[in-house]
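# Descriptive analysis of the structure
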Amino acid sequence: MATIFSKIVAGEIPCHRVFETEHCLAFLDINPIARGHVLCIPKQEVDYIFDLDDESLCELQLFAKRVARGLKKVCPCIKVAQAVIGVDVPHVHIHLVPLNKPSDLNFSNHLEISSEELSELARQIGAAID
Ligand code: AMP
């Protein structure tokens, strides 16, 4: 069965789309732990990041770097943190989280952000990506 992220890639489920390339997609996490919490995924459905072939892994990492640079312009922070967990959705995803203090990278945090604000944020981050 297709993962929820494959359904997003296929356009069957909506998302706050940030940016995409031929093989990768970035969208806002639906349950953000910080303002500007982005997920970067390969469009190819693979569960575990270290099962990606070398080329796909490098491509995803370079994609995440590009997105992180745009994200930092829109959500001022000391650094953009990167995390890979993948216990809930069996489709590779890199979490990008603007970080101003270590506790910002806490997956127990949950921010209330309206859908309108998420849409605007996604638009701004997408526009800031070179
Ligand atoms: P994990 O697999 O533990 O890395 O967590 C999965 C992440 O995907 C969580 O942060 C969820 O909030 C996020 N998530 C799940 N479904 C969606 C969705 N439809 N759109 C955006 N983010 C999602």
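For the structure itself, consult the block above.
Residues numbered from 1 in each chain as written. Predicted model: local features only at pLDDT ≥ 70, side-chain atom pairs only at ≥ 80, totals over all residues. Heavy atoms only, no water.

### Notes on the overall build of the protein chain
What counts is decided by this rule: The way it works is that DSSP assigns letters per residue, a run of H or I at least four long becomes a helix, a run of E at least two long becomes a strand, and they are numbered from the N terminus. Only C-alpha atoms enter the radius of gyration; for comparison, a globular chain is expected to reach 2.2 Å times N to the power 0.38, where N is the number of residues. Burial classification: accessible surface area is computed with a 1.4 Å probe over protein chains only, and a residue below 20% of its type maximum counts as buried, one above 50% as exposed, and the rest as partly exposed.
A count of helical and extended segments in the protein chain gives three helices and five strands. Moving toward the C terminus, one meets the helices and strands of the protein chain in the order α-β-β-β-α-β-β-α. The C-alpha atoms of the protein chain give a radius of gyration of 14 Å, which matches the 14 Å a tight globule of 130 residues would have. The C-alpha extent of the protein chain, read off along each of the three principal axes, is 35 × 30 × 30 Å. By the burial criterion, 45% of the 130 residues in the protein chain qualify as buried.

### A closer look at the site of the ligand
The following threshold applies: The cutoff for a nearby residue is simple: one of its non-hydrogen atoms must lie within 4 Å of the molecule or strand. Whenever two N or O atoms come within 3.5 Å, that pair is a polar contact, provided that in protein one can donate a hydrogen and the other can accept it, and provided that, for residues adjacent in sequence, both atoms are side-chain atoms. All accessibility values rest on the Shrake-Rupley procedure with a 1.4 Å probe; residue burial counts only the protein chains present in the view. For this scheme, ten residues count as nonpolar: Ala, Val, Leu, Ile, Met, Phe, Trp, Tyr, Cys and Pro. Four count as charged, namely Asp, Glu, Lys and Arg, and the remainder, Gly too, count as polar.
Not every one of the 16 residues close to the ligand is listed here, only the nearest: Asp29, Gly86, Asp88, His93 and His95. Aspartate 29 has a polar side-chain atom sitting 2.5 Å from an oxygen atom of the ligand. Between an oxygen atom of the ligand and a main-chain N or O atom of valine 89, the distance comes to 3.0 Å. Compared with its free state, where it exposes 500 Å², the ligand has 86% of that area covered by protein. For the shell around the ligand, the element with the most residues is helix α1 (residues 4-9), which contributes three residues. Residue classes in the shell around the ligand are distributed as ten nonpolar, four polar and two charged.

### Notes on the pattern of salt bridges
Close approach of charged atoms lets side chains of opposite charge pair. Selection rule: Every case where a carboxyl oxygen of Asp or Glu lies within 4 Å of a side-chain nitrogen of Lys or Arg is listed as a salt bridge.
Overall, the coordinates contain six salt bridges when judged by the stated rule. Two residues, arginine 123 and glutamate 120, come together in a salt bridge whose shortest N-O distance is 2.8 Å. On the criterion of helical spacing, the pair formed by arginine 123 and glutamate 120 is a turn pair, its members being three residues apart in helix α3 (residues 115-128). Classification of glutamate 120 as partly exposed rests on a relative accessible area of 34%. Several salt bridges converge on common partners, so that one network encompasses Arg17, Glu20 and Lys43.

### Digging into the state of the cysteines
Worth spelling out the cut-off: The rule for a disulfide is simple: a pair of cysteine sulfur atoms within 2.5 Å.
What the rule picks out here adds up to zero disulfides. Here cysteine 24 stays free of any disulfide, with the sulfur of cysteine 40 as its closest cysteine sulfur at 7.9 Å. The thiol of cysteine 75 is not disulfide-bonded; the next cysteine sulfur, from cysteine 77, is found 7.2 Å away.

### A few points about the side chain of histidine 16
Filter applied, for reference: The contact definition used throughout considers only heavy atoms, calling two residues in contact when any of these lie within 4.5 Å.
Positionally, histidine 16 belongs in the loop between α1 and β1 (17-20). Looking at histidine 16, its side chain comes within polar contact range of the side chain of serine 119, at 3.2 Å. With residues near it in sequence (within four places) discarded, histidine 16 still touches Phe27, Leu28, Ser115, Leu118, Ser119 and Ala122.

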